[in-house]
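These are the residues of each chain, in order.
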Amino acid sequence: MTIRLPDADGALRTYEPRTEPLAVTPGTPFTSRTVFSAAHVVADPFADVSPDSPAAVDWDATLAFRRHLWSHGLGVAEAMDTAQRGMGLDWAGAAELIRRSAAEAKSVGGRIACGVGTDQIAAGSLAEVRAAYEEQLAVVEESGAQAILMASRALAAAASGPEDYLEVYGHLLRQSAEPVVLHWLGPMFDPALEGYWGSSDLDAATDTFLEVIAAHPDKVDGIKVSLLDARREIDIRRRLPKGVRCYTGDDFNYPELIAGDEQGFSHALLGIFDPLGPLAAQAVRVLDTGDVRGFRDLLDPTVGLSRHLFQSPTRFYKTGVVFLAWLAGHQSHFTMVGGLQSARSLPHLATAYELADGLGLFPDPKLAEERMKTLLSVYGVDQ
């Protein structure tokens, strides 16, 4: 069987899908790395909503996908960028997602950490930003989940310099009940976060980021760095206080960062581990045995797909993630909250299908092929 796929120039090419998926099975918990997948949300395709309406979520399918990730030993990073925080999912929807997902994690013994931000306000004073963070932190702590302090658009707009970041984050860390993960999300993921930590000079911003951690090492479980800059992450990792982990958020360079070097390694909190979940889990179990080469042999070939999904404009990577979840049979439709299924072109999606199929990511390659052909027919491509 073959399928005709469009390329970037509008021409059609013939592709022969694989017939068997990559063989992966659930296994024992990881021992060498802590690994979270930032998980997407499944929209309710029958909700009569517009792109700017509050998100209509299919809760059953959304929670089923989290159980899929937990079954492979992965932790779930909930209500993060991959779940379309600030791009279709508002705070009311995120709060409901956190409560439901945390309860589900408790019932199945899954690990979960949840995003804490300020997206219930569009802008405000520093005091209002602190209050917004506090409201969300309380919801996450009450759910029993670990907190991830996400970067805030409102703080980026309100802060006049590094001292404001030091004050706000210091205040939050002093009152947090348990150690949190600090998240530095770069402007390639969200342009509103340009100049975060008080400077567009990344060296100066890094110093402020590390100053926050150094002042409260007992309240920081780890950091998540999403700058797509492997050198900078390694530099930050080597400067962390003892006991503070680095969770890579680099969807371009994750195999080398997780594998590490003679001076250390990164754990993982990655959006790409949503579509790569079972394969990524298998790779980490190989790494648990000390087989770095085997780990790289499994994970290195996935980087091409990840770089494709996260290509500029990077913030639209969620479209590819949900598209692959549909092809893999984790949901019955290709619809997204906020109408974001339209954010990537047909040639982009066709390449994503080809790359994912080549890796054996689809449990049922025939189903994926049929669904890809269905999408192509909507765009006028006959097979």
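Draft legend 1. Broad picture of the side chain of E78. As for its placement among the helices and strands, E78 is situated in strand 4 (residues 75-78). What E78 contacts, discounting residues up to four positions off in sequence, is A39, R66, L97, I98, S101, I112, A113, C114 and G115.

Draft legend 2. Summary view of the nonpolar core. Counting 118 residues, the largest nonpolar core has L182, Y196, F273, F323 and M372 as its most contacted members. If we ignore the near neighbours within four places in the chain, the residues touching M372 are I3, L5, F323, L327, L346, A350 and Y353. Counting residues in hydrophobic clusters, the runner-up holds ten residues, among them A38, A77, M80 and V181.

Draft legend 3. Highlighting the packing of helix 12 (residues 317-327) against helix 13 (residues 346-359). Where helix 12 meets helix 13, the axes come as close as 10 Å, and the angle between the chain directions of the two elements is 55°. Between helix 12 and helix 13, the angle is such that the two are oblique. The crossing of helix 12 and helix 13 is right-handed. Mapping the contact onto sequence places T319, F323, L324 and L327 in helix 12 and L349, A352, Y353 and A356 in helix 13. Class assignment of the residues belonging to the contact of helix 12 with helix 13 gives a composition of seven nonpolar, one polar and no charged.

Draft legend 4. Fine view of unusual backbone geometry. Omega for the bond connecting S312 with P313 falls within 30 degrees of zero, at -5°, which places this linkage in the cis form. Mapped onto the secondary structure, P313 falls in the loop between helix 11 (303-309) and helix 12. Here the phi dihedral of A79 falls at roughly 55°; this positive angle occurs in a residue that is not glycine. Relative to the helices and strands, A79 resides in the loop between strand 4 and helix 2 (91-108). A residue is classified by how much of its surface remains accessible, and A79, at 0% relative accessible area, is buried.

Draft legend 5. Molecular detail of the pairing of strand 1 (residues 3-6). Alignment of strand 1 against strand 2 (residues 12-15), held across four bridges, turns out to be antiparallel. Across the sheet, residue P6 finds its bridge partner in strand 2, namely L12. Counting the residues that bridge the hairpin from strand 1 to strand 2 gives five residues, and of these G10 lies at a positive phi of roughly 90°.

Draft legend 6. How the structure looks around the sheet that holds strand 4. Spatially, eight strands are ordered 3-4-5-6-7-8-9-10 in a closed barrel, and the strand pairing comes out parallel. Averaged over all pairs of adjacent strands, the angle between strand axes in this sheet comes to 25°, irrespective of strand direction. Both strand 7 (residues 180-185) and strand 8 (residues 220-226) contribute to a ladder of six bridges, which runs parallel. Of the residues in strand 8, the one forming a bridge with W184 is V225. Its contacts with the sheet place helix 6 (residues 202-215) against strand 7 and strand 8, and it is angled at close to 170° to strand 7.

The rules behind each value
- Residue positions are counted from 1 within each chain, in the order its sequence is given.
- In keeping with the predicted nature of the model, local features appear solely for residues at pLDDT of at least 70, side-chain atom pairs appear and are counted solely at 80 or more, and the whole-chain, interface and lining totals rest on all residues.
- Only hydrogens and water are set aside; all other atoms, that is, all heavy atoms of the structure, feed into the side-chain values.
- Segments assigned H or I by DSSP are reported as helices when at least four residues long, segments assigned E as strands when at least two residues long, and all are numbered from the N terminus.
- Contact between two residues is taken to exist if any of their heavy atoms lie within 4.5 Å; hydrogens are not considered.
- What makes a nonpolar core is a set of buried Ala, Val, Leu, Ile, Met, Phe, Trp, Tyr and Cys residues whose side-chain atoms join them at distances within 4.5 Å.
- To sort residues, take the accessible area from a 1.4 Å probe on protein chains only and compare it with the maximum for the residue type: under 20% means buried, over 50% means exposed, and anything in between is partly exposed.
- Helix axes are fitted only over the stretch in contact, all axes being lines through C-alpha atoms; the angle between N-to-C directions runs from 0 to 180 degrees.
- Geometric relationships in this document are graded by angle, where less than 35 degrees denotes roughly parallel, more than 145 denotes roughly antiparallel, 65 to 115 denotes roughly perpendicular, and other angles denote oblique.
- Left-handed describes a crossing whose near helix is turned anticlockwise from the far helix through less than a right angle; right-handed describes the clockwise counterpart.
- Note on residue classes: Ala, Val, Leu, Ile, Met, Phe, Trp, Tyr, Cys and Pro are nonpolar, Asp, Glu, Lys and Arg are charged, and everything else, Gly too, is polar.
- In this scheme, strands are said to pair when DSSP sees at least two bridges between them.

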